[in-house]
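Notes for the structure review
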Amino acid sequence: MESNPSTELPLWAFALAALRTKVLTDEDRLWDDLVRYQTEIRQHLAQEGLALFMDRQEGFACLRQLELDEAGKTIGLMRRIPLSYDLSMVCILLREWLEEFDISASESRHLYLTQSQIQERIELFFPENHNQLKLLRELNALIEKVVDLDFLKPVKTQTEEKTYQVMRVIKAWITPDQLEHFHAQQEAYAQSIQHESH
């Protein structure tokens, strides 16, 4: 029985369907279709108030909502996830870590971090807690939330400790200007501590 051409999905529809559920990277099998049919995908998304954000150099693509006015109003088809201060801090620290990794000119393209490495770096920015087990549980919960945001990806290794890949899509959400603002806040906080100690 011959298929009806009018009922067949266009080739780019499969890449778009995958893009609606996750961040696509250049390691995904649908990446080439996404690049090839990005014009058609962009046109289709525009009708829904959405936009394709693609960085071919960094190797990722994701969806964003188009802002309808200067106040940032959108059609609201995508659910916005409010980030707590602690979760925002973790994301910024990971973005900063990725920046340092890229500057180091490592032979590897990907930044891999163990759970303990992430815990140790985050812990420096949290108030001293005498209940270390409670603090570790809170830090691990934050790490899992970052995984849900697609900024961290669990990877299998030969060790028992959990290991994560820092996903480059985090660069689309935390810009160099935001990193600079974070560093300025850190410097201002350090100076205020010095003044209080004198």
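These remarks concern the structure in this document. This structure is a prediction, so every number in the text was calculated from the model and none was measured. (Residues numbered from 1 in each chain as written. Predicted model: local features only at pLDDT ≥ 70, side-chain atom pairs only at ≥ 80, totals over all residues. Heavy atoms only, no water.)

Side note on the nonpolar core
By size, the foremost hydrophobic cluster in this structure holds 36 residues, and its most contacted members are Leu 94, Ile 122, Val 146 and Leu 152. Among the secondary structure elements, those contributing two or more residues to this core are strand 3 (60-65), helix 4 (85-103), strand 4 (111-114), helix 5 (115-123), helix 6 (132-148), strand 6 (163-166), helix 7 (170-173) and helix 8 (176-197). Top element by residues in this core is helix 4. It accounts for 10 residues. Sequence-distant contacts of Ile 122, defined by excluding residues within four places in its chain, comprise Val 90, Leu 93, Leu 139 and Ile 143. (Core = buried A, V, L, I, M, F, W, Y, C linked by side-chain atoms within 4.5 Å. Buried < 20%, exposed > 50% of the residue type's maximum accessible area, 1.4 Å probe, protein only. Helix = DSSP H or I, 4+ residues; strand = E, 2+ residues; numbered from the N terminus. Contact = heavy atoms within 4.5 Å.)

As for the packing of aromatic side chains
Throughout the structure, instances matching the rule amount to one aromatic pair. Relative to Phe 60, the ring of Phe 53 has its centre 6.0 Å away and its plane inclined at 20°; by these criteria the two rings are stacked. A relative accessible area of 2% places Phe 60 in the buried class. Note that Arg 64 overlies the ring of Phe 53, its terminal NZ or CZ placed 4.4 Å from the centroid. The ring centre of Trp 173 lies 4.6 Å from the NZ or CZ of Arg 64, which sits over that ring. (Phe/Tyr/Trp six-rings, centres within 6.5 Å; stacked < 30°, edge-to-face > 60°. Lys NZ or Arg CZ within 6 Å of the ring centre and 35° of its normal.)

By themselves, these are just geometric observations and shouldn't be taken as functional.
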